[in-house]
Amino acid sequence: MIEAEQLCRRFGRRWAFARVDLAVEAGARLLVVGANGSGKTTLLRVLGTVLRPSQGRLRLFGIDPARDPMAVRRRIALLSHHSGLYEDLSGRDNLGVVARLGGHGAHDAARLLADVGLDDRPDPVRAYSAGMRKRLQVATLLLQRPQLVLLDEPFAALDPAGVDDVSALLRGIGATLVVTSHRIAAAAALCDRALLLEDGLPRWTGAASDAVRAWAAVHPGSDPAEVAG
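Everything numeric in this text was worked out from a predicted model, so none of it was measured. (Residues numbered from 1 in each chain as written. Predicted model: local features only at pLDDT ≥ 70, side-chain atom pairs only at ≥ 80, totals over all residues. Heavy atoms only, no water.)

### With respect to the overall build of the chain
For step 1, the next point in the chain: Broken down by element type, the chain carries eight helices and nine strands.
For step 2, the next point in the chain: Scaling as 2.2 N^0.38, a compact globule of 229 residues should have a C-alpha radius of gyration of about 17 Å, and the chain matches this with 18 Å.
For step 3, the next point in the chain: By principal-axis analysis of the C-alpha atoms, the chain measures approximately 45 × 45 × 30 Å.
For step 4, the next point in the chain: Within the chain, contacts between residues separated by at least 24 positions form 66% of all contacts whose residues are at least 6 apart in sequence.
For step 5, the next point in the chain: Carbon and sulfur atoms provide 49% of the accessible area of the chain, an area that totals close to 10900 Å². (Helix = DSSP H or I, 4+ residues; strand = E, 2+ residues; numbered from the N terminus. Rg over C-alpha atoms; globule rule 2.2 N^0.38 Å. Contact = heavy atoms within 4.5 Å. Areas by Shrake-Rupley, 256 points an atom, 1.4 Å probe, with all protein chains shown as cover.)

Right, dumping it as structure tokens:
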């Protein structure tokens, strides 16, 4: 699903990340952790073909995305910090637009809206809280039925109930996942492998269940609340 060798990305003279090797099989779930500025979001944007790598080799679904980007992009869904939602439409209408564009049934949209707890909200998205927007983003993303799901901080702005709702949704999908999150414990529960970036360089790889311990080893004395689920 994802093959990366010595992948690098820089902006001018500054390297966002460098020397990243990945081998992610179909159906696998990878957690990427690191402090702010460690390169997590940039790595996700490169994997999502939003940015091109500066150096290294990348293949997605066995395809070089630089040669055939559209063959790759239609199979990927990226949840980023930009909502991509229609502010003047309700959550139901937002999902309805995505369903029609993607040829999905209205019943799929209704089910996902209920799954994220927004089926009783007829008001426009501009009136939603940050947590409600995040839940609607996840529902919109899953409605596209992607094969590769890239999630940048999916639990940001969510209360504990929202984290549980989103986690339940993500647990039930069959797509390959790559997740970045500061809420390491919650994200690790969804994943099987983890990569820790420090100053843009791979510092540790291992089982996702060991990610909190690996973070603590690299950041001794850090606040446990930073990584709590």
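### As for helix H8 (residues 211–218)
For step 1, the next point in the chain: Residues of H8 that are buried: Ala211, Ala214, Trp215 and Val218. Taken around the axis of H8, the buried residues stretch over an arc of 100 degrees, which confines them to a single face. Those residues of H8 that are exposed and angled more than 90 degrees off the buried face are Arg213 and Ala217.
For step 2, the next point in the chain: Buried residues belonging to H8 abut strand E3 (29–33), helix H7 (184–188), strand E8 (193–198) and strand E9 (201–207). (Buried < 20%, exposed > 50% of the residue type's maximum accessible area, 1.4 Å probe, protein only. Arc of directions from axis to C-beta.)

### A few points about the sheet that holds strand E2 (residues 14–24)
For step 1, the next point in the chain: Taken together, three strands build an open sheet; the order of strands is E2-E1-E4 and the sheet is antiparallel. Of all the strands in the sheet, just E2 and strand E4 (55–60) have a single pairing partner and so form its edges. Neighbouring strand axes in the sheet, compared pairwise and without regard to direction, differ in orientation by 25 degrees on average.
For step 2, the next point in the chain: Relative to E2, strand E1 (residues 2–11) runs antiparallel, the two sharing seven bridges. Bridge pairing in E2 links Ala4 to Leu22. (Pairing = 2+ DSSP bridges. Axes fitted to C-alpha atoms, helices over the stretch in contact; angles between N-to-C directions.)

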